[in-house]
Amino acid sequence: DDLEKLQRRPPVVTIMGHVDHGKTTLLDAIRKTKVAQGEAGGITQHIGAYHVDVEHEGQMQQVVFLDTPGHEAFTAMRARGARVTDIAILVVAADDGVRPQTIEAISHAKAAEVPIIVAINKVDKEEAQPDRVKQELTEYGLVPEEWGGDTVMVAVSAISGENLDTLLEMILLVSEVEDLYANPDRSARGTVIEAHLDKAKGPVATLLIQNGTLRVGDTIVAGSALGKVRAMVDDRGQRVKQADPSFAVEVLGLGDVPAAGDDFQVFDDEKEARSVASDKTDEQRQSRLLQAMSSRRV
Ligand code: GTP
Ligand code: NA
Ligand code: MG
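Below is a short write-up of the structure. Everything numeric in this text was worked out from a predicted model, so none of it was measured.

### A closer look at the environment of Arg-285
Argument step 1. For Arg-285, the location among the structural elements is in helix 7 (residues 270–297).
Argument step 2. Along the chain, Arg-285 and Ala-105 lie 180 residues apart, while their C-alpha atoms are 32 Å from each other.

What follows is the structure in structure tokens.
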């Protein structure tokens, strides 16, 4: 029954790579907006989720991008990004080459069995050495197609815009051969991308819908947080009444702040939701207790 209702959904694409290699600037250029400049110190603090319309063979297609921080403190976040994604874009600065977070991103993407497209960025710079980057990447099992391997590598510049259309084309080509289906008729489930407590709005969670459709008024459990969706805001700051498969929205109405990486699910039955949430709270208490006991033993 579920099978016949399956519809194609947009690809979820995670941008990964070493700190300052140009992930956010590249995404900005793709979105033609100015996110990187607005960030504190130009450092991506959290995973941002953005929807982009791309024209492909005369048709508009949607792609959902997740930006991730390259700072070494955010390993768990990048692992999470790799897990929820359909395609990983590995950004490597052509003037800096393969660096620790590049290697880490490769291993996250491989562990999640996600196809990798390499964007060799900053090729506008005089110091750029794209062939050296390709050579370095072969040491980690990524061999460019033009050298007989099977990894798509595109030399781009987020500043000049060079080859960005090729990169988008490659994203769409790779996503075409993937099984990206979801059933928009079922109740939503997915993953918490990030969450925080806002003084005025209360708990705010960015949710990635992986199946089903999320609607205002839905009863949800996210991690151990229970709530009713009071309002939803998309990446452009617009209020929306529903969110379709692959989309990410900011949700208000949870009674508590879930952890990034937690699953969320909609329940038709409020009583069931309440019992699931309290079970999960017990689970968390249990694991905190175990942690406390093991640290005392040391
Ligand atoms: P984190 O989120 O902190 O990991 O960094 P990031 O990878 O998102 O890099 P970001 O977009 O913040 O860019 C870092 C710096 O590189 C900025 O000063 C950008 O202007 C610059 N930059 C990014 N892309 C290019 C490019 O294609 N060419 C040149 N010349 N500079 C670039
Ligand atoms: Na940066
Ligand atoms: Mg960034």
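### So, helix 6 (residues 164–176)
Argument step 1. The first and last C-alpha atoms of helix 6 sit 18 Å apart over 13 residues, in line with the 18 Å expected at 1.5 Å per residue.
Argument step 2. All of the buried residues in helix 6 are Leu-167, Ile-171 and Ser-175. Down the axis of helix 6, the smallest arc covering the buried residues is 70°, so these residues share one side. Along helix 6, exposed side chains directed more than 90 degrees from the buried face belong to Leu-173 and Glu-176.
Argument step 3. Packing partners of the buried residues in helix 6 comprise strand 2 (12–17), strand 4 (59–67), strand 5 (87–93), strand 6 (116–121) and strand 7 (152–155).

### Looking at the sheet that holds strand 6
Argument step 1. The sheet built from six strands is open, its strands ordered 3-4-2-5-6-7 with mixed pairing. Every other strand in the sheet has two partners, leaving strand 3 (48–56) and strand 7 as the edge strands with one partner each. With direction set aside, neighbouring strand axes in the sheet form an average angle of 25°.
Argument step 2. As paired elements, strand 6 and strand 7 share four bridges and run parallel to each other. Its bridge partner being in strand 7, Ile-120 is matched across the sheet by Ala-155.

### Looking at the pairing of strand 4
Argument step 1. Alignment of strand 2 against strand 4, held across four bridges, turns out to be parallel. Note that in strand 4 the partner of Val-12 across the bridge is Val-64.
Argument step 2. Alignment of strand 3 against strand 4, held across nine bridges, turns out to be antiparallel. Bridge pairing links Ala-49 to Leu-66 in strand 4.

### Overview of helix 1 (residues 23–31)
Each turn of an α-helix holds 3.6 residues, which means side chains three or four residues apart point in the same direction.
Argument step 1. Most of helix 1 is tucked away: seven of the nine residues are buried.
Argument step 2. The complete set of buried residues in helix 1 reads Lys-23, Thr-24, Thr-25, Leu-26, Leu-27, Ala-29 and Ile-30.
Argument step 3. Within two residues after helix 1, Lys-32 carries a phi angle of roughly 55°, on the positive side.

### Description of the packing of helix 3 (residues 75–83) against helix 4 (residues 100–111)
Argument step 1. At a minimum axis distance of 8 Å, the contact between helix 3 and helix 4 shows a crossing angle of 40°. As summarised for this structure, helix 3 and helix 4 are arranged oblique, according to the angle between their axes. Of the two possible hands of crossing, helix 3 and helix 4 adopt the one that is right-handed. Along its contact with helix 3, which presents Thr-75, Arg-78, Ala-79 and Ala-82, the element helix 4 presents Glu-104, Ala-105, His-108 and Ala-109.
Argument step 2. In terms of residue class, the contact of helix 3 with helix 4 is made up of four nonpolar, two polar and two charged.

What counts and what doesn't
- Residue numbering note: each chain is counted from 1, following its sequence as written.
- Labels are handed out in written order, letters beginning with A for the chains and numbers beginning with 1 for the ligands.
- Given that the model is predicted, a residue must reach a pLDDT of at least 70 before its local features are reported, and side-chain atom pairs must reach 80 or more before they are shown or counted; all residues, however, enter totals for whole chains, interfaces and linings.
- In this description a helix means any DSSP run of H or I spanning at least four residues, a strand means any run of E spanning at least two, and both kinds are numbered starting from the N terminus.
- What a helix should span is 1.5 Å times the count of its residues minus one.
- Here a residue counts as buried when 20 or more other C-beta atoms fall within 10 Å of its C-beta, as exposed when 12 or fewer do, and as partly exposed in between; the C-beta atoms come from the backbone.
- Directions pointing from the helix axis toward each C-beta atom define the arc.
- Two residues qualify as a contact pair if the distance between their C-beta atoms, derived from the backbone, is within 7 Å.
- Only strands that DSSP links by at least two bridges are regarded as paired with each other.
- Angles run from 0 to 180 degrees between N-to-C directions of axes, and those axes are lines fitted to C-alpha atoms, restricted for helices to the stretch in contact.
- Orientation categories follow fixed angle ranges, with anything under 35 degrees roughly parallel, anything over 145 roughly antiparallel, 65 to 115 roughly perpendicular, and all other angles oblique.
- In this scheme the handedness of a crossing depends on how the near helix is turned from the far one: anticlockwise by less than a right angle means left-handed, clockwise means right-handed.
- Each residue is assigned to one class: nonpolar for Ala, Val, Leu, Ile, Met, Phe, Trp, Tyr, Cys and Pro, charged for Asp, Glu, Lys and Arg, and polar for all the others, Gly among them.

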